[in-house]
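# Structural overview for review
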Amino acid sequence: MDTSRRDFFKIATLGGVAATVFGFDLAPAYAQLRELKIARATETRSTCPYCSVSCGVIIYTLGDKAKNVTPQVIHVEGDPDHPINRGTLCPKGASLEQDILNERRLLKPQVRRPGGTDWEDISWNQALDEIAQRVKKTRDDTFVEKDAQGHTVNRCEGIAFTGGCTDTNEFNFLAVKTMRSLGVCYLENQARV
């Protein structure tokens, strides 16, 4: 039998109409399929980390929540109850599961020393200590107490801070307070870019 593209569409349309007329409904089958896909999974609501839109996502993980067990991400989808994206995700947001499960994802701090060619793994404590030392040194070296007219300004012109879109209001509040206490005057947030 030689069927054309037009014949195929006619047959498919007639088949769909016949299925609807005779009461064949695919909704329960789709619901059952969804139920099987995420059965026994823990649902966690989160925010997409890619841009300043802050779309809501639901991350499904499997794991028995034991003390030393890392949950395994099995599915990521848009949050239909989120007021910003209402369940939709852009291509980058839809690929969030691959970002989480990527075998090349860094799980510990690394540093490349001046003049070095290789990255070395360091502990979190060492990373925080080195960052604190560099911030203190930069602040001490670039702190301006008085301007050219003799006015007290107390600002640090050698450090800038950029906030991210996935930071909470509370985190941004603390970050801005911390940067202001250091005298940093170059503050920006990704949401304004």
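Scroll up a little and you will see the structure.
Notes on the structure follow. As a convention, each chain's residues are numbered from 1 in the sequence order in which they are written. Only residues with pLDDT of 70 or above have their local features reported here, since the model is predicted, and side-chain atom pairs are shown and tallied only from 80 upward, although totals for entire chains, interfaces and linings are computed over all residues. Only heavy atoms go into the side-chain values, all of them from the structure, while hydrogens and water stay out.

### A few points about helix H6 (residues 169-182)
- Comment: elements are numbered from the N terminus, with helices defined as DSSP H or I runs of at least four residues and strands as E runs of at least two. Expected helix span is given by 1.5 Å per residue-to-residue step, counting one fewer step than there are residues. Between its first and last C-alpha, H6 extends 20 Å over 14 residues, near the 20 Å set by a 1.5 Å rise per residue.
- Partly exposed describes any residue whose relative accessible area lies between the buried limit of under 20% and the exposed limit of over 50%, with all areas from a 1.4 Å probe on protein chains only and scaled to the type maximum. Listed in full, the buried residues belonging to H6 are Asn172, Ala175 and Met179. End-on view of H6: buried residues confined to an arc of 65°, all on one side of the axis. Opposite the packed face of H6, turned more than 90 degrees from it, sit the exposed residues Asn169, Glu170, Phe173, Leu174 and Ser181.
- Residues of H6 that are buried in the fold lie against strand S7 (152-163) and strand S8 (184-189).
- Gly183 occupies a position one or two residues after H6 and carries a positive phi of about 90°. In this context, the arc is that of the directions from the helix axis out to the C-beta atoms. A contact between two residues is defined here by any heavy atoms of the two lying within 4.5 Å.

### Points about the packing of aromatic side chains
- Stacked, edge-to-face and tilted are the three classes for Phe, Tyr and Trp ring pairs, Trp counted by its six-membered ring, which pair at centre distances within 6.5 Å; planes under 30 degrees apart are stacked, over 60 edge-to-face, the rest tilted. Following the criterion strictly, the structure yields one aromatic pair and no others.
- Ring centres of Phe8 and Phe9 lie 5.8 Å apart, and the angle between their planes is 65°; on these two criteria the pair is classed as edge-to-face.
- For Phe8, a relative accessible area of 53% gives the class exposed.

### Here we look at the environment of Cys90
- Within the element layout of this structure, Cys90 appears in the loop between strand S3 (72-78) and helix H3 (91-94).
- Residue classification places Cys90 among the partly exposed positions, given a relative accessible area of 43%.
- With 40 residues separating them in the primary sequence, Cys90 and Tyr50 have C-alpha atoms 9.9 Å apart.

### Here's the deal with the environment of Ala41
- Looking at where Ala41 falls in the secondary structure, it is placed in the loop between helix H2 (27-37) and strand S1 (42-47).
- As for Ala41 and Thr61, which are separated by 20 residues in sequence, their C-alpha atoms are 5.3 Å apart.
- For Ala41, the contacting residues outside a window of four places in its chain are Tyr60, Thr61, Leu62 and Ile74.

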